[in-house]
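Geometric and topological summary
Read off the chains here:
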Amino acid sequence: MEERERWGSRAGFIMASIGAAIGLGNVWRFPYICYANGGGAFLIPYFVALITAGIPLMILEFALGRKAQAGAPSAFARIVGKKTEWIGWLSLFAVMLIFLYYPTIMAWSVNYAVHSATLRWGTDTQNFFYNHFLQTSGGPGILGGIRWPILAGLAVVWIAIYLCLFKGIKAVGKVVMWTVTIPWAILVIMVVRGLTLPGAVDGLKFYLTPDFTALLKPNVWLAAYGQVFFTLSLAMGTLIVYSSYLPKKSDISNNAYIASLANCGTSFFAGFAVFSTLGYLAQSMGVGVPEVAKSGLGLAFVTYPTVIRLLPFCAPFFGILFFIMLLTLGIDSAFSQVEPFVAGFTDKWHFSKKWALPLICFFGFLVGVLFTTRGGFYWLDIVDYFTCTFGLCLVGFLECVAIGYIYKARKMREYVNEVSEFKIGKWWDVMIMIVTPAILGISFVWELIKLVQNGYGSYPRWTSFVGIGILVLIIILSFVLAKTKGREE
Ligand code: PHE
């Protein structure tokens, strides 16, 4: 058996965890989910989700990976019991769905970096994005042919992912030093310009004014938990496999606090750039902030180009820099999605990584072609919704049950406390055993019923059945893989 790789240093691990966490989820996904769920109305559930699930589950996953010294499926099998191995596989299928579409957003960024040189989007960024760039078809039923520039971008992105991973995890720690720090500097420029635009205040009001009635909506809760899982790379095996590369003696809880707070702080900060721009757009178009842009996953590609165009000097330069930043943010997240998937298979069957890696990258590229079609935008939306809202929340729920009740939360907490600078208290058990599973369980069932009744968004009903079908399929596949014998059993 190949010897397990190790991180070069503690900073290497923290930076890699932050690098896996900070990504398009902060700059692209957070603002649009927040906007779609009512701005300020979303922030309270988001914050609650961070405290009740984000930090506790990150501690849980770090502990599980470190203790098991294996990827997600083997970690569940070794530590909790063979019967729970399928939860690990399910988390890997969830991350697989994400790495099938995530590089497409990066492919858009590649194109936008090129368009920045001439600020091609002009003043109507929304029209440019949907009609000129994506050339969206009439609906998910019409694929309408491939958009070649996006496909070319996708190829570039997958080659980059492959090259980064090929070098092994020590290199990851090093790449990430840059991919995390430079973007922060660029984000500051965006926020400052956003805040100084006329009308920015209206956008900020929408962003920051809490709306307590939203607390009664299960869909907002599910969206918040899904976003926290997505942004912290939880429930996807990523952090389990990353911490399995930790030397036996390293700290857990402190690392988890640093990574999750740094990450969610970044999202909150990026929100200022997006919402102040929305305020500006609303004022210049004479409409309210909630109506100003199509809510949905194109939001970032409408608002950031607007700010870039309005920069007082060197706009093309900052535009190029900004989209390169999106790429660098995305790349460490993207390879942290592929890594656990590869590790899951190599841990169980001892496949050679040399073969598994290019194969999986090629598979990712091939399926990704779907999202580069004119109807691909809708599919990206549907797959993103089902994976994050239902898939991740389901895995999060199952992790809580497996560790909280089968393994026993108290035992895991004692293990964490033995090795950590910060000791965690009984509150952790309460979150893992009661609060998080309760909120997730209730809102999950509620939403599922509503989904079956009404479908998702304004898409035809059959698309929801495709979404549910994919979820059922990956659950079945997880059971099958867990039942199959590995090399050591
Ligand atoms: N957390 C990453 C982001 O916010 C996405 C991600 C998901 C990374 C899964 C790794 C694993 O962009």
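Here is a short report on the structure shown in this document.

Calculation notes
- Residues numbered from 1 in each chain as written.
- Predicted model: local features only at pLDDT ≥ 70, side-chain atom pairs only at ≥ 80, totals over all residues.
- Heavy atoms only, no water.
- Helix = DSSP H or I, 4+ residues; strand = E, 2+ residues; numbered from the N terminus.
- Rg over C-alpha atoms; globule rule 2.2 N^0.38 Å.
- Contact = heavy atoms within 4.5 Å.
- Patch = residues over 30% accessible without salt bridge, like charges linked within 9 Å, V, L, I, M, F, W, Y side chains within 5 Å.
- Areas by Shrake-Rupley, 256 points an atom, 1.4 Å probe, with all protein chains shown as cover.
- Salt bridge = Lys/Arg side-chain N within 4 Å of Asp/Glu carboxyl O.
- Buried < 20%, exposed > 50% of the residue type's maximum accessible area, 1.4 Å probe, protein only.
- Lys, Arg positive; Asp, Glu negative; His and termini not counted.
- Polar contact = N/O pair within 3.5 Å; in protein donor to acceptor, adjacent residues only side chain to side chain.
- 1 Å grid on protein atoms, 1.4 Å probe; cavity = no way out; pocket = protein on both sides within 12 Å on 5 of 7 lines; lining within 4 Å.
- Points joined across faces, edges and corners; volume = space filled by probe spheres on them.
- Axes fitted to C-alpha atoms, helices over the stretch in contact; angles between N-to-C directions.
- Parallel < 35°, antiparallel > 145°, perpendicular 65-115°, else oblique.
- Left-handed = near helix turned anticlockwise from the far one by under 90°.
- Nonpolar A, V, L, I, M, F, W, Y, C, P; charged D, E, K, R; others polar.
- Core = buried A, V, L, I, M, F, W, Y, C linked by side-chain atoms within 4.5 Å.
- Near = heavy atom within 4 Å.
- Sits in = over half its atoms within 2 Å of the grid points.

Considerations on the overall build of the protein chain
Assigned secondary structure in the protein chain consists of 19 helices and zero strands. A compact globule built from 489 residues should have a C-alpha radius of gyration of about 23 Å, and the protein chain, at 21 Å, falls within 12% of that. Based on the C-alpha atoms only, the size of the protein chain along its principal axes is roughly 65 × 50 × 45 Å. A sequence separation of at least 24 residues applies to 86% of the contacts in the protein chain between residues at least 6 apart.

Quick look at a nonpolar patch on the surface
A grouping of Tyr-405, Ile-406, Val-430 and Ile-434 is seen on the molecular surface, where their side chains present a nonpolar patch of about 370 Å² in accessible area. The set of elements that each furnish at least two residues to the nonpolar patch consists of helix H17 (376–419) and helix H18 (427–454).

Some remarks on the side chain of Arg-147
Looking at where Arg-147 falls in the secondary structure, it is placed in the loop between helix H6 (125–134) and helix H7 (148–166). Although Arg-147 lies buried, it forms no salt bridge, and the closest oppositely charged side chain, Asp-124, sits 16 Å away as judged by the N-O distance. Here His-132 takes part through its backbone oxygen, which lies 3.5 Å from a polar atom of the side chain of Arg-147. Sequence-distant contacts of Arg-147, that is, excluding residues within four places in its chain, are made with His-132, Phe-133, Leu-134, Gln-135, Thr-372, Thr-373 and Arg-374.

So, empty space enclosed by the protein
If you walk through the whole model with that rule in mind, you get five cavities of 30 Å³ or more. A volume near 110 Å³ is recorded for the largest cavity. Along the walls of the largest cavity sit 15 residues, with Ala-20, Phe-230, Ser-233, Ser-333 and Gln-337 positioned nearest its centre. Among the secondary structure elements, those contributing two or more residues to the lining of the largest cavity are helix H1 (10–21), helix H2 (24–36), helix H5 (85–116) and helix H15 (315–349).

Here's the deal with the packing of H17 against helix H19 (residues 461–483)
Remark: H17 packs on H19, axes separated minimally by 10 Å, with the N-to-C direction vectors making an angle of 45°. Considered as vectors, H17 and H19 are oriented oblique to each other. Pair H17 / H19 crosses with right-handed handedness. Along the contact surface, H17 presents Trp-379, Ile-382, Phe-386, Phe-390, Gly-391 and Leu-394, while H19 presents Trp-462, Thr-463, Ser-464, Val-466, Gly-467, Ile-468, Leu-471 and Ile-475. Considered class by class, the residues forming the contact of H17 with H19 number 10 nonpolar, four polar and no charged.

What to know about the layout of surface pockets
Taken as a whole, the largest pocket encloses approximately 770 Å³ of empty space. The wall of the largest pocket is formed by 29 residues, among which Ala-36, Ser-295, Asp-381, Tyr-456 and Gly-457 lie closest to the centre. Going through the elements one at a time, H2, helix H10 (218–231), H17 and H18 are the ones with two or more residues in the lining of the largest pocket. With six residues, H17 is the single largest residue contributor to the lining of the largest pocket. In terms of residue class, the lining of the largest pocket is built from 12 nonpolar, 11 polar and six charged.

Re the packing of H7 against helix H16 (residues 353–368)
Axis separation between H7 and H16 bottoms out at 10 Å; the angle between their running directions is 160°. As summarised for this structure, H7 and H16 are arranged roughly antiparallel, according to the angle between their axes. Where H7 crosses over H16, the two elements pack in a sense that is right-handed. Taking contact as the criterion, the partners of Leu-151, Leu-154, Ala-155, Trp-158, Tyr-162, Leu-165 and Phe-166 in H7 are, on H16, Leu-357, Pro-358, Cys-361, Gly-364, Phe-365 and Gly-368. For the contact of H7 with H16, the class distribution of residues is 11 nonpolar, two polar and no charged.

Quick look at the nonpolar core
Taken as a class, soluble globular proteins show a tendency for nonpolar side chains to be buried jointly. The biggest cluster of nonpolar side chains holds 181 residues, and the ones touching the most others in it are Trp-28, Trp-108, Phe-229, Phe-301 and Phe-322. Excluding anything up to four places from it in sequence, Phe-322 contacts Val-27, Ile-186, Met-190, Tyr-304 and Ile-308.

Things to note about the site of the ligand
As a structural note, the neighbourhood of the ligand is formed by 16 residues, with Ala-21, Gly-25, Tyr-102, Phe-230 and Ser-233 the closest of them. At a separation of 2.8 Å, a nitrogen atom of the ligand approaches a polar backbone atom of Phe-230. Measuring from a nitrogen atom of the ligand, one finds a backbone N or O atom of Thr-231 at 3.1 Å. For the ligand, whose free accessible area comes to 320 Å², the fraction covered by protein is 100%. Spatially, the ligand is embedded in the largest cavity. Sorting the residues of the shell around the ligand by element identifies H1, H2, H5, H10 and H15 as the ones contributing at least two each. When the residues that make up the shell around the ligand are grouped by side-chain class, the tally is seven nonpolar, nine polar and no charged.

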